[in-house]
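Residue strings, one per chain:
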Amino acid sequence: MGIGSKLTSTLTPKLAGVALNGAAPGLTSNFVREALDRAVRGVPPALPPAAFTAWKVKREADGDVKRAIHDVIERHVRYAGAQGFVTNLGGIVTAAVTIPTNVSGLALIQSRMIACIADLRGHDMHDPRVRAAILAALLGEDQVRTLVKSKKLPGTPIQLATGGALDPQLEKEIAGRVANELLTRVTGKKVVGTVARKVPIAGGMVGLCADGYATWKLGRYADSEFRPRAKR
């Protein structure tokens, strides 16, 4: 079993009803928050806790945080690519079943990557403000900019992470938006790849490229947002 399969199998039981009853109702804020919790705690034996990974990658980079963040992004891009390859095999017939599995894998991989970046920049990923910031970063730069401009989000990820106490309801609201955004990304990828999936391997490559590129973009965004936290 590959790394993507191990990751998605961890959350698949939580999504069993989604595949049967339609994706949108099951993709609740609780699911996304649980994905973040598991990403932070780790998913044995597939992945160690995010903080441990951040420490290990920084050590391998001889303390160079910039290089460590680059390595974290590259690792998670590979994870996302492998996950997309696995879940997109099979062609058009299995599309309705693989959407939840793909969403669960991406939520875990991408939130873990952003948590590692936040940790490397000195932010406490257990702080509710940082948790909200990680979830906001999962939305991507364009979505965050739109939500901040329309006053539906009180600030950018770094502003959330370093500002005052947040309304506890905010994390739930952001998580709900993340669930919808992840489903939109996966559905859009499947529409683009419909013709390619007449040949299963080609369909797998569509998933690999789409998931990997989306993860890379989020990694770059998180890198720009989570600036070094001032030491007290």
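Residues numbered from 1 in each chain as written. Predicted model: local features only at pLDDT ≥ 70, side-chain atom pairs only at ≥ 80, totals over all residues. Heavy atoms only, no water.

Undergrad: Tell me what's going on with the nonpolar core, and back it up with residues and numbers.
TA: By size, the foremost hydrophobic cluster in this structure holds 54 residues, and its most contacted members are Ile114, Ile117, Ile134, Leu153, Ile174 and Phe226. Per-element tally for this core: the top contributor is helix α7 (residues 95-120), with 11 residues. With residues up to four places along the chain from it excluded, the contact list for Ile117 reads Ile69, Val72, Ile73, Gly219, Ala222, Asp223 and Phe226. (Core = buried A, V, L, I, M, F, W, Y, C linked by side-chain atoms within 4.5 Å. Buried < 20%, exposed > 50% of the residue type's maximum accessible area, 1.4 Å probe, protein only. Helix = DSSP H or I, 4+ residues; strand = E, 2+ residues; numbered from the N terminus. Contact = heavy atoms within 4.5 Å.)

Undergrad: Can you tell me about the pattern of salt bridges, naming the residues and giving the values?
TA: Inspection of the entire model under this criterion finds 9 salt bridges. The closest approach of N and O atoms between Arg129 and Asp127, which form a salt bridge, is 2.8 Å. Here Asp127 falls in the buried class, since its relative accessible area comes to 17%. Of the charged contacts, one joins Glu171 and Arg131 as a salt bridge, the two residues approaching to 2.8 Å between their closest N and O atoms. Here the residue Glu171 occupies a position in helix α11 (residues 168-192), and Arg131 occupies one in helix α8 (residues 128-138), the gap between them amounting to 40 residues. (Salt bridge = Lys/Arg side-chain N within 4 Å of Asp/Glu carboxyl O.)

Undergrad: Describe in detail unusual backbone geometry, supporting the description with residues and values.
TA: Peptide bonds are, in most cases, trans, and in most cases residues other than glycine have a negative phi. In this model, Asp62 sits at a positive phi of 55°, which is unusual for a non-glycine residue. Unlike most non-glycine residues, Lys151 shows phi in positive territory, near 60°. With respect to the helices and strands, Lys151 occurs in the loop between α9 (141-149) and α10 (157-162).

Undergrad: For the side chain of Arg131, give the residues involved together with the corresponding values.
TA: Overall, Arg131 belongs to the buried group, its relative accessible area being 14%. A polar side-chain atom of Arg131 sits 2.8 Å from a polar atom in the side chain of Glu171. Once residues within four sequence positions are removed from consideration, Arg131 is found in contact with Arg33, Leu36, Asp37, Met125, His126 and Glu171. (Polar contact = N/O pair within 3.5 Å; in protein donor to acceptor, adjacent residues only side chain to side chain.)

Undergrad: Help me get a handle on helix α5 (residues 50-60), residues and values and all.
TA: Listing the buried residues of α5 in full gives Ala50, Thr53, Ala54 and Val57. All buried residues of α5 lie within an arc of 100° about the axis, which places them on one face of the element. In the stretch just after α5, Asp62 is the one whose phi turns positive, near 55°. (Arc of directions from axis to C-beta.)

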